Each structure stands twice: as C-alpha cells, then as structure tokens.
Amino acid sequence: MPKNRNVFSSLLSRAASSRTASRAVHGLWRHAQRAGAVSAERPGPYAFRGIGEGTRLAFPQGTLFGTEWIELGACCVIGAEVTLTAGMMPGLDLGPDTVLRLGDGVVLGRGSHVVADGAGAGVTIGNDVFCGPYVYITSTNHSYDDPHQPIGRQWPRSAPVEIGAGSWLGTGAVVLPGARLGRNTVVAAGSVVRGEVPDHAVVAGAPAKVVRRWDPREGWLPPLRTPPPVPLPEGVTPGQLAALAGLEIPEPGTPGPETAGAETAGAEAGRLEGAAGHGPVPSPPADRTGSTDGMRTP
C-alpha cells in the first residue's frame, strides 16, 4: 500500500507540474503577442512609410520587406502571419512613390499575402476592404513564354492591382496582376480574380465570373435569397442590447440586476424588439465616397 501511495503521489506531482508549465508557456506567449505587435507607436524593426493611428499588425508577422514603400491607413487590422512586400526582393530602390497602399479600416485575415512588384505595378486597397484568412493579392506573376526555360527562371509579368473601397474578399481568394475591383464588390471564397470587376458585383469561381449585380432600378439581380438584416435603432446602448438578448447586464453606473429586477430587462427587451422588428427599415447609410446603396454582401 505505501508503494501505491508513492506512485499516485508521483503522478499527481507530474500532473501539477505539467499544468504549471502549460500556464507559464501560454502566459509567455500572450506577453510575446502584446510586445511583438506593430503599430505607429511601436513600429519595431520596420520602417514603414506610414502607419495610421489605431492600426495594428498582430504578432507574429509574416514576411515584411520594402516597408519604406508601404503605407498603411488608420484603424487597419492586420492578422498574424500576414505577408506585406514591396519589390521582388529586399534591398531594392523602388523610387519615390508608394508601392503598396492600404486605406483606412482595412482588415487582412490571418495568413494573407499582399505582394506588390514595384513602381508602375503597385497594389492599392481602398478604405474599409475586409479580407478573410489566407487571401492572396499580387501584382506580379510567373511567365512561361519560353518553353525551354524553367518557369521560375523566366522574367515575371507585372501589372497594377486596385481593390475598390468597401469590398469583401472571402477566405482563400486570389487576386492576380492587372485586376481592378470596383467599389463594394464581393469575391467568393476560393475565387481567382483577374481583369475588371464592376462596382456592386459578386464574383465567384476560378476564373471568377459575375454571379450577381446591383441595379439601381431593380435591386440585386438575381434577387437575394434571404431578407436583409434589420438595422438596430440609433442610440442603442450595450445595456439595452443585453436586455434585448434576455440578459440582465446593467450599464456602467446603473443599478445591478439585484436591484433593477428582471421586469426592467424584460420591458426594455420588449421596447427594442418593437423598434427593431416593426416599421420601415432605415435606408443604408452612405459610405465615405457618397454612395447610398450600402450593399456589401449577397
């Protein structure tokens, strides 16, 4: 029996040690993520041409070079392991102009790549463009003109890429050199885009083709299969949203549920349900460039 107790004690000690080590590793990783994030205030080793206020590149970053020719707007969210490059390789002089430009409010999902070749073949991404994980945007591509040479050794073809404001690119989408996407376009996950995409269009496939468009007179063609979400009434507070969800979370500075009572939350929820579920739906807000259709996704 004493021998068994020693065995059990040893197992418990090892388990406790493993939990302690796990907590330590995760704590160190969280610290590294906070310390390694890149922003205008904490650019780390990177000399970006510009980083707007509120923009953050998560740690660990992917490959970053040619940052002197990369300009990031304000309030951008750059996920972990995102690659941003200007030029075909590090150490090149790309001239006086910005080669890779992200507008304000751009989101690049984890593992995405934005590769800009150089002067005359840059990449411009407009305001409020959202990209899912592992999106690949490039202004340069391999050529295969000479059948006697390895493709990787042949001089690539390059052309500028432009993605219009308000667009959404789904997971794994690929945008090839020379592509010009209009404003508020939707690129379906896994699509391969080349050439021109008009404003307010949905494209899908490889190569991507237009599968839906917005007509000012007739709306979406073909029509959307689901009704649009009902916007929240203006001025709704977090506490009111909690009440709408049936929760009893008070706003800061207000009495807690022990004094407010469940009936208060229920009454607030009923009021918001009436405001959000009845009556005309407000018109979509105008975007930054003056459009009033507000349509972004199918």
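Now for a look at the structure at hand. Source: prediction; values computed, not measured.

**Examining the overall build of the protein chain**
Broken down by element type, the protein chain carries 4 helices and 24 strands. Here the protein chain, with 298 residues, has 35% of them falling under the buried criterion. The contacts in the protein chain between residues at least 6 apart in sequence include a share of 38% that link residues at least 24 apart. Counting only carbon and sulfur atoms, one obtains 58% of the accessible surface of the protein chain, whose full area is about 17500 Å².

**As for the pairing of strand S23 (residues 209-215)**
Pairing of strand S22 (residues 201-204) with S23 involves 4 bridges; the strand directions are antiparallel. Residue pairing across strands places Ala204 opposite Lys209, the latter belonging to S23. Taken together, S22 and the strand that follows it, S23, pair antiparallel across an intervening segment of 4 residues, in which Gly205 is found at a positive phi of about 105°. Sheet analysis places S23 next to strand S24 (residues 219-221), joined by 3 bridges and oriented antiparallel. Pairing of Trp214 across the sheet is with Trp220, part of S24. Between S23 and S24, which follow one another and run antiparallel, lie 3 residues.

**Side note on the sheet that holds S24**
The strands making up a sheet are joined through hydrogen bonds of the backbone, oriented either antiparallel or parallel. In spatial order, the strands read S2-S5-S8-S11-S16-S19-S22-S23-S24; together these 9 strands make up an open sheet with mixed pairing. Strand pairing shows two members of the sheet lacking a second neighbour, strand S2 (56-57) and S24, which therefore form its edges. Sheet topology places S2 next to strand S5 (residues 77-78); 2 bridges connect them, and they run parallel. Of the residues in S5, the one forming a bridge with Arg56 is Val77.

**Looking at the state of the cysteines**
Per the stated rule, a full pass over the model turns up 0 disulfides. The closest cysteine sulfur to the non-disulfide-bonded Cys76 is located on Cys75, 7.7 Å from its own sulfur. Residue classification places Cys76 among the buried positions, given a relative accessible area of 0%.

**A look at the side chain of Gln61**
Its location among the elements puts Gln61 in the loop between S2 and strand S3 (64-65). In terms of polar contacts, Gln61 uses its side chain to reach the backbone carbonyl oxygen of Leu57, at 3.3 Å. A distance of 3.1 Å separates a polar side-chain atom of Gln61 from the backbone oxygen of Ala58.

**Things to note about the side chain of Ser112**
Tracing the backbone through its elements, the reader meets Ser112 in the loop between strand S8 (107-108) and strand S9 (113-116). The class of Ser112 is buried, set by a relative accessible area of 1%. For Ser112, the side chain forms a polar contact with the main-chain oxygen of Gly109, separated by 2.9 Å. Among all residues touching Ser112, those that are not within four sequence positions of it are Glu81, Val82, Thr83, Gly132, Pro133, Tyr134 and Val135.

Parameters at a glance
- Residues numbered from 1 in each chain as written.
- Predicted model: local features only at pLDDT ≥ 70, side-chain atom pairs only at ≥ 80, totals over all residues.
- Heavy atoms only, no water.
- Helix = DSSP H or I, 4+ residues; strand = E, 2+ residues; numbered from the N terminus.
- Buried < 20%, exposed > 50% of the residue type's maximum accessible area, 1.4 Å probe, protein only.
- Contact = heavy atoms within 4.5 Å.
- Areas by Shrake-Rupley, 256 points an atom, 1.4 Å probe, with all protein chains shown as cover.
- Pairing = 2+ DSSP bridges.
- Disulfide = S-S within 2.5 Å.
- Polar contact = N/O pair within 3.5 Å; in protein donor to acceptor, adjacent residues only side chain to side chain.

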